[in-house]
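# Survey of secondary and tertiary structure
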Amino acid sequence: MIAHIQGKLVEKTPTEVVIDCGGVGYHIHISLHTYSLLPQTDFIKLYTYLQVKEDAHSLFGFVEKSERELFKMLLSVSGIGASIARTMLSSLEPMQIIQALAVGDLNTIQSIKGIGSKTAQRAILDLKDKVAKIYQIDEVSFSLNNTNKDEALSALEVLGFNKKMAEKVMDRLVKESPDASVEALIKLALKNL
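Residues numbered from 1 in each chain as written. Predicted model: local features only at pLDDT ≥ 70, side-chain atom pairs only at ≥ 80, totals over all residues. Heavy atoms only, no water.

### Concerning the nonpolar core
Counting 28 residues, the largest nonpolar core has F71, L74, I80, M88, L101 and I109 as the members making the most contacts within it. The set of elements that each furnish at least two residues to this core consists of β5 (57–62), α2 (65–75), α3 (82–91), α4 (94–103) and α6 (117–134). Grouped together as the second largest cluster of nonpolar side chains are 13 residues, L173, V182, L185 and A189 included. (Core = buried A, V, L, I, M, F, W, Y, C linked by side-chain atoms within 4.5 Å. Buried < 20%, exposed > 50% of the residue type's maximum accessible area, 1.4 Å probe, protein only. Helix = DSSP H or I, 4+ residues; strand = E, 2+ residues; numbered from the N terminus.)

### Brief notes about the confidence of the model for the protein chain
The predicted model of the protein chain averages 86 in pLDDT, with 94% of residues at 70 or higher. Of all the helices and strands in the protein chain, helix α7 (residues 139–158) carries the lowest mean pLDDT, 68, while strand β3 (residues 24–29) carries the highest, 96. (pLDDT = per-residue confidence, 0-100.)

### What about the packing of aromatic side chains?
Within this structure, the stated rule accounts for three aromatic pairs. Geometrically, the ring pair formed by F60 and F71 is tilted, given 5.1 Å between the ring centres and 40° between the ring planes. Of this pair, F60 sits in strand β5 while F71 sits in helix α2; the two residues are eleven residues apart in sequence, bridging distant segments of the chain. You can call F71 buried: its relative accessible area is 1%. With a centroid separation of 5.0 Å and an interplanar angle of 50°, the aromatic rings of F62 and F71 are classed as tilted. (Phe/Tyr/Trp six-rings, centres within 6.5 Å; stacked < 30°, edge-to-face > 60°.)

### Remarks on helix α9 (residues 182–192)
Every buried residue of α9 is listed here: V182, L185, I186 and A189. Summarising the axial view, the buried residues of α9 lie within an arc of 100°, below the 170-degree limit, and thus occupy one face. α9 presents E183, K187 and K191 as exposed residues on the side facing more than 90 degrees away from its buried surface. (Arc of directions from axis to C-beta.)

Below is the structure:
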């Protein structure tokens, strides 16, 4: 297996890059998350995963090792291939996927294009314990934050705020102060909306 590739960045698009390494140009598929983390320099290093199939050898690259490990975990789920795993990592931040899997958040996983109800359930069933153990996510504290967030969102909707705008603000606030009470979240959100 090719563990990483280091070299000159020759081409770059949101879905793939070409890295010149010793005179050989490696075509590497990337997620939007990796694309957003690519350094501005010409010389880069990507952690890679080589997928060998009967009809193709595909190389997938990641700026972070943790994203590569999550990609490999997603591939272990029946019904999730490399392109769907890459779409998942392009649609959500890796930590959002990990948290959704750890707490069994079916709606978040299903919100990703190409993921149906059965595949989302299978992913949660197969990976819930694994991600909770590896990333040491405490389900109780996460679900408490989720409940506070949901209650605060509900209150903002009743007050007449746009649901999408409120969700964006609330996601940011929960990240900044994960232990905030419902009242504190509402007050902070009102200042930001």
